[in-house]
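Topology and contacts: notes
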Amino acid sequence: MTDKRDDTIIYDECADVLSDVPDDLIDLEEDNVYQKNESEAESSEDSEIPTRRIRRTLRLPTDSDESDEEDSAQWSDFDLPRTNNKFEGSPGPNIFPKDTQRVEDIVELYIGNDLFEYISNEINKYYSQNCNRRKLDKKNAKFVDVTAPELRKWFGLAILMGIVKKARIDDYWSTNSLIDTPIFHKTMSRNRFRHILSFLHFSDNNNKPDNADRLFKVQFVIDYFSKKFKENFNLSQNISIDEGMIPWRGRLNFKVYNPSKITKYGILIRMLCDSITGYISSFKIYSGVGQPLTKTVIELLAPSYGKWHHLYMDNYYNSIELAGNLLEKKI
């Protein structure tokens, strides 16, 4: 009886998932160790080495496991010879500015006057829809329709606030010599800046559908920049799909938290980038509504079909089905 217990103790101390343990010892361990209750373990004081209970942890399922169960295809243990087809794309810029030395002309390629015209119209429309619901301060001047040139100045000051940081908005218009920043009161009055800020809007609420996406309020702006990114630059042969984080700690129902990242709180965005320049060609913002990763990858790669791009991404996105689908689309 003593020998049997000693064998059990030795197995408890040395056996692991990599050990070549006979099946009879496994059965013995299950019968004599795991079925002991706590009272029996406490009463065995004459044992020199206490019996240690091994906790078994189940392996977490992965996306590849689920796809393997649904599909009979399996990853190969050997790399087959690969035929690298000739790249059929023409990488580089599609549209050039009038003057490559002027920052204004370069910015105009991505932020055109049509965007400011659209936003200014939405601001004026939103004011007309809600002016009767708000009590206007008698000290402030009457609201005047916003124009595209004025909105350009407003966004310029808003961007500058991210560079020159102060405690309050009013401090940017302060005349105190210690914190004075003359560019603000020379460009726009404080009350006018607050007027535009209070009625800033990007979409018409009357056109909101019942099943609207969470990004409906800014969908036009997202589509505008996505189109500009695709039109202005062609990707090289090597491309990559990865995810990034837009820092944000405010109230947002699709804000994500990732403790392993430097930027832990923010908006998750998946991007298709050029491997040489790092240029972002297309992107997709995660709004809290999950969809298959395969669909996300297909949507990002839609403009790149038929050119034999070389795609690099981690195994979080990859699957056998997706790899076959992309090969059919010459990726």
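**Considering the overall build of the protein**
Regarding its fold elements, the protein presents twelve helices and seven strands. Counting over 331 residues, the protein shows a buried share of 29%. Pairs at least 24 residues apart make up 63% of the contacts formed inside the protein by residues separated by at least 6 positions. Of the roughly 23400 Å² that the protein leaves accessible, carbon and sulfur atoms contribute 52%.

**Brief notes about helix H9 (residues 190–198)**
All buried positions along H9 are accounted for by Arg192, Phe193, His195 and Ile196. The arc enclosing the buried residues of H9, seen along the axis, measures out at 160°, which places them on a common side. Against helix H6 (113–130) and helix H7 (148–163) lie the buried residues of H9.

**Considerations on the packing of H7 against H9**
Contact geometry of H7 with H9 gives a least axis separation of 11 Å together with a crossing angle of 95°. With respect to their mutual orientation, H7 and H9 come out roughly perpendicular. Counting all contacts with H7, which are made through Glu150, Leu151, Trp154, Leu157, Ala158 and Met161, the residues of H9 involved are Arg192, Phe193, Ile196 and Leu197. The class makeup of the residues in the contact of H7 with H9 is eight nonpolar, no polar and two charged.

**Section: the confidence of the model for the protein**
Averaged over every residue, the pLDDT of the protein is 80; residues scoring 70 or more account for 76%. Overall, residues 4–50 carries pLDDT values under 50, and its contacts beyond four positions in sequence, including any with other chains, amount to 32 contacts.

**Details of unusual backbone geometry**
Located in the positive-phi region is tryptophan 308, a residue other than glycine, with phi close to 60°. Turning to its location among the elements, tryptophan 308 is positioned in the loop between helix H11 (293–301) and strand E7 (310–312). Judged by relative accessible area, which is 19%, tryptophan 308 ranks as buried. Positive phi, normally seen in glycine, also occurs at lysine 330, with a value near 60°. Of note, lysine 330 is situated in the segment after helix H12 (320–328). Lysine 330 sits in the partly exposed class, given a relative accessible area of 34%.

**Section: the packing of aromatic side chains**
Enumeration over the complete set of coordinates arrives at 20 aromatic pairs. Considering the side-chain rings of tyrosine 224 and phenylalanine 225, the 5.7 Å spacing of their centres and the 90° angle between planes classify their relative orientation as edge-to-face. The interplanar angle of 80° and the centroid separation of 5.2 Å between the aromatic rings of tyrosine 316 and tyrosine 317 together place this pair among those described as edge-to-face. Grouping aromatic residues by their ring pairs yields a cluster made of Tyr110, Tyr118, Phe220, Tyr224, Phe225, Phe229, Phe233, Tyr279 and Phe283.

**Remarks on the pairing of strand E5 (residues 265–274)**
Along E5, nine of the ten residues are buried, which leaves the element largely enclosed by surrounding structure. Here two bridges tie strand E4 (residues 256–257) to E5, and the two strands are oriented antiparallel to one another. Across the sheet, valine 256 pairs through a bridge with glycine 266, a residue of E5. Of the pairings in the sheet, the one linking E5 to strand E6 (residues 280–285) comprises five bridges and is antiparallel in character. Directly across from arginine 270, in E6, lies its bridge partner lysine 284. Linking E5 back to E6 in an antiparallel pair, the connection comprises five residues, with glycine 278 at a positive phi of about 80°.

**Structural notes on the pattern of salt bridges**
As enumerated under the stated definition, the model contains eleven salt bridges in all. The closest approach of N and O atoms between arginine 102 and aspartate 105, which form a salt bridge, is 2.7 Å. For arginine 102, a relative accessible area of 37% corresponds to the partly exposed category. For glutamate 299, the salt bridge identified is with lysine 284, shortest N-O distance 2.9 Å. One end of the pair, glutamate 299, is in helix H11; the other, lysine 284, is in strand E6, and 15 residues separate them in sequence. One continuous salt-bridge network, built from bridges that share partners, spans Arg102, Glu104 and Asp105.

Parameters and conventions
- Residues numbered from 1 in each chain as written.
- Predicted model: local features only at pLDDT ≥ 70, side-chain atom pairs only at ≥ 80, totals over all residues.
- Heavy atoms only, no water.
- Helix = DSSP H or I, 4+ residues; strand = E, 2+ residues; numbered from the N terminus.
- Buried < 20%, exposed > 50% of the residue type's maximum accessible area, 1.4 Å probe, protein only.
- Contact = heavy atoms within 4.5 Å.
- Areas by Shrake-Rupley, 256 points an atom, 1.4 Å probe, with all protein chains shown as cover.
- Arc of directions from axis to C-beta.
- Axes fitted to C-alpha atoms, helices over the stretch in contact; angles between N-to-C directions.
- Parallel < 35°, antiparallel > 145°, perpendicular 65-115°, else oblique.
- Nonpolar A, V, L, I, M, F, W, Y, C, P; charged D, E, K, R; others polar.
- pLDDT = per-residue confidence, 0-100.
- Phe/Tyr/Trp six-rings, centres within 6.5 Å; stacked < 30°, edge-to-face > 60°.
- Pairing = 2+ DSSP bridges.
- Salt bridge = Lys/Arg side-chain N within 4 Å of Asp/Glu carboxyl O.

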